Amino acid sequence: MLSLEELRGVVRGKVLISEPMSDHTTIGVGGPADFFVEPVDRDDLCRAVTFFRRHRLPCLVLGRGSNLLVHDDGVRGAVIAASGALCGYRIRRDGLVASAGEPLSLLVARSFEAGLGGIEMLQGIPGTLGGALVMNAGAWGQQMSDVVVSVDVFDGDRVRTLKRDAIGFAYRCSGLDDTVVLGAALRLRHLSEADVRERTAAREEAMRRRKATQPLSWPNAGSIFRNPLPGESPDGLGAGAMIEQCGLKGLGVGGAVISDVHANMIINTGGATASDVMELIHRAREAVSSRFGVMLELEVMLAGFENACC
Ligand SMILES: Cc1cc2nc3c(=O)[nH]c(=O)nc-3n(C[C@H](O)[C@H](O)[C@H](O)COP(=O)(O)OP(=O)(O)OC[C@H]3O[C@@H](n4cnc5c(N)ncnc54)[C@H](O)[C@@H]3O)c2cc1C
């Protein structure tokens, strides 16, 4: 049996009980986490993880919550916020070493300013480095796995350094989702002045398109479904295009609506619940399956759902 006093004796950071996850996810839905811990630094975070593992309580490490849908009943066990605990980065001659709680966009901007390329097109992805590694986040032809040299993880006992090839990166996923990611070393390439000019223009265009094609003024969790791999959908259609062709743009359930700007995004127009979002997910999957014969897979991670694969 876990005693709160014991937990507070182990963790130096804030420990909250029944903390609403709607306050910690970009889509703004999700019920309470039994324990919500904000460790003050890496040692504190590792102590918290060890403590919960010793008590056999599940713990979810949270980045920015920008790819997460939490059940309305919340999550049992602990949620451990990484962003305040895993801070710091160093730009090197040939890359970057950074802690997992750093905002990805900050790292992208700083390395590009230092004349380093390889992740410059990931500007605008609103997560942390840790979340980006777990999700193998990507955009405009670049993805995290292209630049990873190694990732430091904590397994409850010790810190291990995993080389890129041992991580199992694939499209929008990795073998890191059962680990605690502490930080990573990334190899980036030097950009010539001409490269910088060309890449600056490409980045500006990508940011302009992001603003024009995503419902950024509404709370959302990014793309709900992974795009099918080449050959897996008719005419190479993406998830959003198939949902749109099923006529589902603008479909609402409760406060959740399939965005009429980007059909692969669900927005919270106010008071949406996770079950509203789930209902839209089911309807989109059914419609796409019956019209295109494609079973869409979730990109958004689920927390607190018994059957995590909807
Ligand atoms: C408007 C918008 C636009 C987006 N655009 C893109 C895009 O272009 N490309 C793209 O790939 N994604 C995109 N996303 C999705 C999301 O931003 C990325 O997947 C991001 O990398 C998630 O990072 P996060 O810190 O928010 O992770 P979270 O959502 O907090 O967590 C995601 C998963 O990673 C795990 N996790 C997070 N940190 C750690 C850690 N330190 N250790 C272990 N596990 C951890 C969590 O437990 C969870 O399973 C977008 C999202 C939004 C809202």
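This is a predicted model, so every value here is computed, not measured.

### Quick notes on unusual backbone geometry
- For Arg-172, which is not glycine, the phi dihedral falls at a positive 55°.
- As for its position among the elements, Arg-172 is in the loop between β12 (159-163) and β13 (180-187).
- For Arg-172, a relative accessible area of 13% corresponds to the buried category.
- At Asp-235, a position not held by glycine, the phi torsion is positive, near 55°.
- Along the polypeptide, Asp-235 turns up in the loop between α5 (193-213) and α6 (239-245).

### As for the domain arrangement of the protein
- One can read the domain layout of the protein as domain 1 (4-81), domain 2 (89-193) and domain 3 (234-303).
- Surface buried jointly by domain 1 and domain 2 totals about 970 Å² across both partners, of which 63% is contributed by carbon and sulfur atoms.
- Here domain 1 and domain 2 share zero salt bridges between them.
- Among the elements that take part in the side of domain 1 that touches domain 2, helix α2 (residues 42-54) stands out by supplying six residues, more than any other.
- Per-class residue counts for the side of domain 1 that touches domain 2 are four nonpolar, four polar and three charged.

### Digging into the pairing of strand β6 (residues 89-92)
- Here four bridges tie β6 to strand β7 (residues 95-99), and the two strands are oriented antiparallel to one another. Its bridge partner being in β7, Tyr-89 is matched across the sheet by Ala-98.

### Overview of the site of the ligand
- Among the 34 residues in the neighbourhood of the ligand, the closest are listed as Val-61, Gly-63, Ser-66, Thr-128 and Gly-138.
- The contact in question runs from an oxygen atom of the ligand to an N or O atom on the backbone of Gly-65, over 2.8 Å.
- At 2.7 Å from an oxygen atom of the ligand is found a side-chain nitrogen or oxygen belonging to Thr-128.
- Contact with the protein chains hides 94% of the accessible area of the ligand, taken as 970 Å² for the molecule alone.
- Those elements giving two or more residues to the shell around the ligand turn out to be β3 (59-62), α4 (129-135), β9 (138-139) and β13.
- For the shell around the ligand, the per-class residue count stands at 17 nonpolar, 14 polar and three charged.

### Section: the environment of Asp-157
- Tracing the backbone shows Asp-157 in the loop between β11 (148-154) and β12.
- The exposure class assigned to Asp-157 is exposed, which follows from its relative accessible area of 70%.
- Along the backbone, Asp-157 and Arg-47 are 110 residues apart, and their C-alpha atoms lie at a distance of 9.5 Å.

### Some details on the packing of aromatic side chains
- Scanning the model with the defined rule gives two aromatic pairs in all.
- When the ring of Phe-35 is compared with that of Phe-52, the centres are 6.0 Å apart and the planes differ by 45°; the resulting orientation is tilted. Of this pair, Phe-35 sits in strand β2 (residues 32-38) while Phe-52 sits in helix α2, and the two are 17 residues apart along the sequence.
- Since its relative accessible area comes to 14%, Phe-35 is described here as buried.
- A residue is classified by how much of its surface remains accessible, and Phe-52, at 0% relative accessible area, is buried.
- When the centroid spacing of 5.6 Å and the interplanar angle of 85° are considered together, the rings of Phe-51 and Phe-52 count as edge-to-face.
- A cation sits over an aromatic face here: Arg-203 above Phe-112, 4.2 Å from the ring centre.

### Structural notes on the sheet that holds strand β17 (residues 266-268)
- Pairing in this open sheet of three strands is antiparallel, and the strands run β15-β16-β17 from one edge to the other. One side of each edge strand has no neighbouring strand; the edge strands of this open sheet are β15 (252-253) and β17.
- Sheet topology places β15 next to strand β16 (residues 256-258); two bridges connect them, and they run antiparallel. In the strand pairing of β16, Gly-252 is matched with Val-257.

### Focus: the sheet that holds β2
- Reading across from one edge, β1-β2-β5-β3 is the order of the four strands in this open sheet, with mixed pairing throughout. Only two strands of the sheet have a single partner each, and these edge strands are β1 (14-20) and β3. Averaged over all adjacent pairs, the angle separating strand axes in this sheet is 30°, with direction ignored.
- Pairing between β3 and strand β5 (residues 75-81): four bridges, direction parallel. Each bridged residue has a counterpart across the sheet, and for Leu-62 the counterpart in β5 is Ala-81.
- Here α2 sits on the sheet and contacts β2, β3 and β5; the angle it forms with β5, its principal contact strand, is near 165°.

Procedures and definitions
Residues numbered from 1 in each chain as written. Predicted model: local features only at pLDDT ≥ 70, side-chain atom pairs only at ≥ 80, totals over all residues. Heavy atoms only, no water. Helix = DSSP H or I, 4+ residues; strand = E, 2+ residues; numbered from the N terminus. Buried < 20%, exposed > 50% of the residue type's maximum accessible area, 1.4 Å probe, protein only. Domains from an automatic or database assignment. Buried area = accessible area lost by both parts, 1.4 Å probe. Salt bridge = Lys/Arg side-chain N within 4 Å of Asp/Glu carboxyl O. Nonpolar A, V, L, I, M, F, W, Y, C, P; charged D, E, K, R; others polar. Pairing = 2+ DSSP bridges. Near = heavy atom within 4 Å. Polar contact = N/O pair within 3.5 Å; in protein donor to acceptor, adjacent residues only side chain to side chain. Areas by Shrake-Rupley, 256 points an atom, 1.4 Å probe, with all protein chains shown as cover. Phe/Tyr/Trp six-rings, centres within 6.5 Å; stacked < 30°, edge-to-face > 60°. Lys NZ or Arg CZ within 6 Å of the ring centre and 35° of its normal. Axes fitted to C-alpha atoms, helices over the stretch in contact; angles between N-to-C directions. Contact = heavy atoms within 4.5 Å.

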